[in-house]
Amino acid sequence: MAEGIGSYDLVVLGGGSGGYACALRAAELGKRVALVEKEKVGGTCLHRGCIPTKALLHAAEIADQARESTKFGIKTSFEGVEMPGVLSYQSSVVDRLWKGLQSTIASRKIDTIIGDGRLVSPTSVRVNDTVYEAGHIVLATGSEPRSLPGLEIDGTRVITSDDALRLDRVPRSVIVLGGGVIGVEFASVWRSFGADVTIVEMLPQLLPLEDESSAKHLQRMFRRRGISFELNSVFESVKHSDDGVTVTLVGGKTLEAELLLVAVGRGPVSSGLGYEENGVAIDRGFVVVDELCRTNVPTISAVGDLVTTPQPGHPQLAHVGFAEGILVAERVSGLDVHPIDYHGVPRITYSDPEVASVGLTSAQIAEREIEFVEVNYPLGGNGKSVILQTQGSAKVFAEAGSDGSGPGRVLGVHLVGSRVGELIAEGQLIYNWDAEPSDVAQLIHPHPTQSEIIGEAHLALAGKPLHFHA
């Protein structure tokens, strides 16, 4: 018989981005909070996702800079990649952030409970042999790498992104199954480290959720870097060969490599955790929530990669988890909250080049039958981008004006190029505050910076282009 524990205001099941953000905000609002995590607080993002992956990408950038230094007049030599050293750097970044997070959680007087948690009633969670009662439960158990039917992950030759982050060598060659964010980022890393890389994507473009023009630019740059890809190609089977794997595509084409990275997305972690047994509605493993992250059970909310929402295409992003966790904490605390517009959430792929966007794509605008205008401002007209020797563009969509007036609100901002992920926060403000190009055109961007590409694109849309030939 499980032993009971005194009641909490909030028990959060899962210590990843959404879970710990909810716990931190609820504690800040005076709630007594318990945070249940089976491994380490920080979850996938900190330990197996965003942070360690971006550390690898930064190491890859250093490798590229070492190779290319002579074109800047700097003499250096590139002697190779020492993966144990790269992994040590990666680990030091993760450990520092993990220790800081633990300190922050402790400072808010949140009880952290390490162990496998399971929902046992609409108001309680069991961890090992102890039951923790709460006025409200938040489910935040996140996601894990998916595979395909009949595709066995062995962790040696057929691997997931989790395995890839621990790989202690640079593979000679890799086939990446899936051309979404995860697949594109690992392809970029391994190519910078010296591997031969081929991406297999069943849809017509890499990064299927991004605007077609951004994907085409990425594909051109990947070709120049020597990254191959097979689009409109469906995986059929994989066999182990003497020195790696042989992948067969539907239609009979075969590809050979040392490793196969399976990067076909992430699925919810919900099985065997007591959700359905306690009445929580589930759809394909995802917990069903409304626009305020409420489940069908009044005392249970859910956030992060685990959920499916009324707005289709719920993004599996750490910053979405942060926002949803804060929303739930504030709602449960009686504050006025508003639904999240997921189109207004910035999206970044940290490859070389980076792809960043916020708002609608041209395809989504066409689906909504909105009349629009657009500007595609090339980075070749931007001084800082030329200094950095990067190529790309800033593409902005806005509603078409009527009766001779200027364009209406901005519908989407799409950036491609080195370091453009650092710029998309301004695009987020423009989109979410319903700004018009004329509003942005009045703002003065510092020179020389890459931020000018956003200003220049809006100047052009407002009818007064500067460093731009329409």
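Fair warning: this is a prediction, and the values are worked out from it, not measured in the lab. (Residues numbered from 1 in each chain as written. Predicted model: local features only at pLDDT ≥ 70, side-chain atom pairs only at ≥ 80, totals over all residues. Heavy atoms only, no water.)

Caption draft 1: Highlighting the sheet that holds strand S12 (residues 235-241). The three strands are arranged S12-S13-S14 in an open sheet whose pairing can be described as antiparallel. Each of the sheet's edge strands pairs with one partner strand only, and the pair in question is S12 and strand S14 (254-257). The sheet shows a mean angle of 20° between the axes of neighbouring strands, taken without regard to direction. With four bridges joining them, strand S13 (residues 244-249) and S14 adopt antiparallel strand pairing. Bridging across to S14, Thr246 finds its partner in Glu256. (Pairing = 2+ DSSP bridges. Helix = DSSP H or I, 4+ residues; strand = E, 2+ residues; numbered from the N terminus. Axes fitted to C-alpha atoms, helices over the stretch in contact; angles between N-to-C directions.)

Caption draft 2: Structural detail: empty space enclosed by the protein. Using the criterion set out here, one finds two cavities of 30 Å³ or more in the structure. Approximately 40 Å³ is the volume attributed to the largest cavity. What lines the largest cavity is simply Leu56, Met83, Ala164, Leu167, Arg169, Phe186, Val189, Trp190 and Phe193. Looking at which element gives the most residues to the lining of the largest cavity, the answer is helix H6 (residues 181-193), with four residues. Residue composition of the lining of the largest cavity, grouped by class: eight nonpolar, no polar and one charged. (1 Å grid on protein atoms, 1.4 Å probe; cavity = no way out; pocket = protein on both sides within 12 Å on 5 of 7 lines; lining within 4 Å. Points joined across faces, edges and corners; volume = space filled by probe spheres on them. Nonpolar A, V, L, I, M, F, W, Y, C, P; charged D, E, K, R; others polar.)

Caption draft 3: Summary view of the layout of surface pockets. The calculated volume of the second largest pocket comes to roughly 220 Å³. Residue lining of the second largest pocket: His319, Val320, Ala323, Ile340, Asp341, Tyr342, Gly344, Val345, Pro346, Gln428 and Asn432, and that is the complete set. Of all the secondary-structure elements, those providing two or more residues to the lining of the second largest pocket are helix H8 (318-332) and helix H11 (424-432). The dominant element in the lining of the second largest pocket, judged by the number of residues it contributes, is H8, at three residues.

Caption draft 4: Structural detail: the sheet that holds strand S20 (residues 307-308). The strand order S17-S18-S20 describes an open sheet built from three strands, whose pairing is mixed. One side of each edge strand has no neighbouring strand; the edge strands of this open sheet are strand S17 (282-283) and S20. In terms of strand pairing, S17 meets strand S18 (residues 286-288) through two bridges, oriented antiparallel. Across the sheet, the residue bridging to Ile282 is Val287, located in S18.

Caption draft 5: Inspection of the nonpolar core at higher detail. Of all hydrophobic cores here, the largest spans 33 residues; its most connected members are Val176, Trp190, Ile199, Phe222 and Leu261. Counting only elements with at least two residues in this core, the list comes to helix H3 (50-68), helix H4 (83-107), helix H5 (161-166), strand S9 (173-177), H6, strand S10 (196-200), helix H7 (212-225) and strand S15 (259-262). Looking at this core, the element that brings in the most residues is H6, giving six residues. Apart from the residues lying within four places of it in its own chain, the contact partners of Leu261 are Ile159, Thr160, Ser161, Ala164, Val174, Ile175, Val176, Leu177, Phe186 and Trp190. (Core = buried A, V, L, I, M, F, W, Y, C linked by side-chain atoms within 4.5 Å. Buried < 20%, exposed > 50% of the residue type's maximum accessible area, 1.4 Å probe, protein only. Contact = heavy atoms within 4.5 Å.)

Caption draft 6: Representation of unusual backbone geometry within the structure. Geometrically, the link from Asp352 to Pro353 is a cis peptide bond, its omega value of 5° lying close to zero. Take Pro353: it is sitting in the loop between strand S21 (347-349) and strand S22 (354-359). Of note in this structure, Asn128 is not a glycine but carries a positive phi near 55°. Structurally, Asn128 can be placed in the loop between strand S5 (124-127) and strand S6 (130-139). A positive phi is found at Arg419, a non-glycine position, where the angle reads about 65°. With respect to the element layout, Arg419 can be found in the loop between strand S25 (410-417) and H11. For Arg419, a relative accessible area of 39% translates into the label partly exposed.

Caption draft 7: Molecular detail of H11. All of the buried residues along H11 are Ile424, Gly427, Ile430 and Tyr431. For H11, the arc enclosing every buried residue in end-on projection is 105°, short of the 170-degree limit, so these residues lie on one face. Within two residues after H11, Asp434 carries a phi angle of roughly 55°, on the positive side. (Arc of directions from axis to C-beta.)

Caption draft 8: Structural context of a nonpolar patch on the surface. On the surface, Met202, Leu203, Val234 and Val250 cluster together into a nonpolar patch covering about 350 Å² of accessible area. Within the secondary structure layout, Val234 lies in the loop between strand S11 (228-230) and S12. (Patch = residues over 30% accessible without salt bridge, like charges linked within 9 Å, V, L, I, M, F, W, Y side chains within 5 Å. Areas by Shrake-Rupley, 256 points an atom, 1.4 Å probe, with all protein chains shown as cover. Salt bridge = Lys/Arg side-chain N within 4 Å of Asp/Glu carboxyl O.)

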